[in-house]
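Structural features, examined
Next come the chains, spelled out residue by residue.
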Amino acid sequence: AQRVTQPEKLLSVFKGAPVELKCNYSYSGSPELFWYVQYSRQRLQLLLRHISRESIKGFTADLNKGETSFHLKKPFAQEEDSAMYYCALSGPPLEPDSWGKLQFGAGTQVVVTP
Amino acid sequence: DAMVIQNPRYQVTQFGKPVTLSCSQTLNHNVMYWYQQKSSQAPKLLFHYYDKDFNNEADTPDNFQSRRPNTSFCFLDIRSPGLGDAAMYLCATSRGSDQETQYFGPGTRLLVL
């Protein structure tokens with residue numbers, strides 16, 4: 001079974017400090033990993049995904065298959081980064097009708113204080 | 001702007017009174033999903049449609065059903081809402097290939113009295 005673990009429910013950092021959100025996964029295959037973000041009173045939206053290897057809003061995430069991790073990092077946190085962040089996994093269909101499913105972690109609330 | 005729209009944003013219903021939540025999309029995506037998100041929890045997939053093909057999650061209660069009359073619209077029907085069904089309901093879409101981005105609506109918050 002696929003599983004996504006975000007060990008931190010809440011992360012409080014000062015503006016300008018580095019921030020790292022941890023995500024570990026279990027999946028016996030080649031998953032695609034995502035980070036979704038939900039700002040206050042806004043919809044859940046994609047922040048970045050492993051396959052695109054982009055840096056979005058200063059965030060990066062590297063897939064480490066050996067450690068089965070996809071941690072999200074930003075060197076200098078900004079107040080506008082305060083939001084709920086969800087790590088999510090999607091794998092190739094392992095069973096009939098399992099196509100395209102996203103498995104979310106429990107989420108990490110990030111609070112950036114000035 | 002192309003987007004995923006959910007109406008209403010807030011829905012109040014009575015215990016046991018059927019309720020329907022709606023979702024529409026202008027993205028022309030093949031796949032539409034319904035998630036349930038309870039307070040401080042991750043979104044949980046209830047079911048999804050790939051075109052007209054309906055796929056129910058094994059642990060989705062029978063109380064929850066869905067309809068997709070055309071590409072643009074998808075409905076979530078809760079036949080007899082219980083207090084435990086109070087949650088945020090999220091609709092999402094995707095184009096229709098594996099491991100791809102999903103686009104979410106703003107959600108409908110359901111309150112059951």
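Residues numbered from 1 in each chain as written. Chains lettered and ligands numbered in written order. Predicted model: local features only at pLDDT ≥ 70, side-chain atom pairs only at ≥ 80, totals over all residues. Heavy atoms only, no water.

A look at the overall build of chain B
- A count of helical and extended segments in chain B gives zero helices and eleven strands.
- Seen in sequence order, chain B has helices and strands lined up from the N terminus as β-β-β-β-β-β-β-β-β-β-β.
- Taken over C-alpha atoms, the radius of gyration comes to 13 Å for chain B, in line with the 13 Å a tight globule of 113 residues would show.
- Structurally, chain B occupies a C-alpha span of about 40 × 30 × 30 Å along its principal axes.
- Across the 113 residues of chain B, 52% fall into the buried class.
- A separation of at least 24 residues holds for 55% of the contacts in chain B among residues at least 6 apart in sequence. (Helix = DSSP H or I, 4+ residues; strand = E, 2+ residues; numbered from the N terminus. Rg over C-alpha atoms; globule rule 2.2 N^0.38 Å. Buried < 20%, exposed > 50% of the residue type's maximum accessible area, 1.4 Å probe, protein only. Contact = heavy atoms within 4.5 Å.)

Regarding the interface of chain B and chain A
- Listed as interface residues are 26 residues of chain B and, on the opposing side, 23 residues of chain A.
- When chain B packs against chain A, the two sides together hide about 1900 Å² of surface, and 52% of this comes from carbon and sulfur.
- Taken together, the links from chain B to chain A amount to zero salt bridges.
- For the pair chain B and chain A, the interface holds five residue pairs in polar contact (both at pLDDT 80 or more).
- Mapped onto the side of chain B that touches chain A, the elements with two or more residues apiece are β4 (31-37), β5 (44-50) and β9 (87-94) of chain B.
- By residue class, the composition of the side of chain B that touches chain A is twelve nonpolar, eleven polar and three charged. (Buried area = accessible area lost by both parts, 1.4 Å probe. Salt bridge = Lys/Arg side-chain N within 4 Å of Asp/Glu carboxyl O. Polar contact = N/O pair within 3.5 Å; in protein donor to acceptor, adjacent residues only side chain to side chain. Nonpolar A, V, L, I, M, F, W, Y, C, P; charged D, E, K, R; others polar.)

Topic: the sheet that holds strand β7 (residues 64-67) of chain B
All names here are of chain B.
- Strand order in this open sheet of four strands is β1-β3-β8-β7, and the pairing throughout is antiparallel. Taken across any chain shown, the strands that pair with only one partner, and hence form the sheet edges, are β1 (4-7) and β7. Pairwise comparison of adjacent strand axes, ignoring direction, gives a mean angle of 20° for this sheet.
- Here four bridges tie β1 to strand β3 (residues 19-25), and the two strands are oriented antiparallel to one another. Each bridged residue has a counterpart across the sheet, and for Gln-6 the counterpart in β3 is Cys-23. (Pairing = 2+ DSSP bridges. Axes fitted to C-alpha atoms, helices over the stretch in contact; angles between N-to-C directions.)

Brief notes about the environment of Val19(B)
All names here are of chain B.
- Mapped onto the elements of the fold, Val-19 is located in strand β3.
- Accessibility expressed as a relative area gives 7% for Val-19, which makes it buried.
- In this structure, the C-alpha to C-alpha distance between Val-19 and Leu-110, residues 91 residues apart in sequence, is 9.4 Å.
- Once residues within four sequence positions are removed from consideration, Val-19 is found in contact with Gln-11, Thr-13, Leu-76, Asp-77, Ile-78, Pro-81 and Leu-110.

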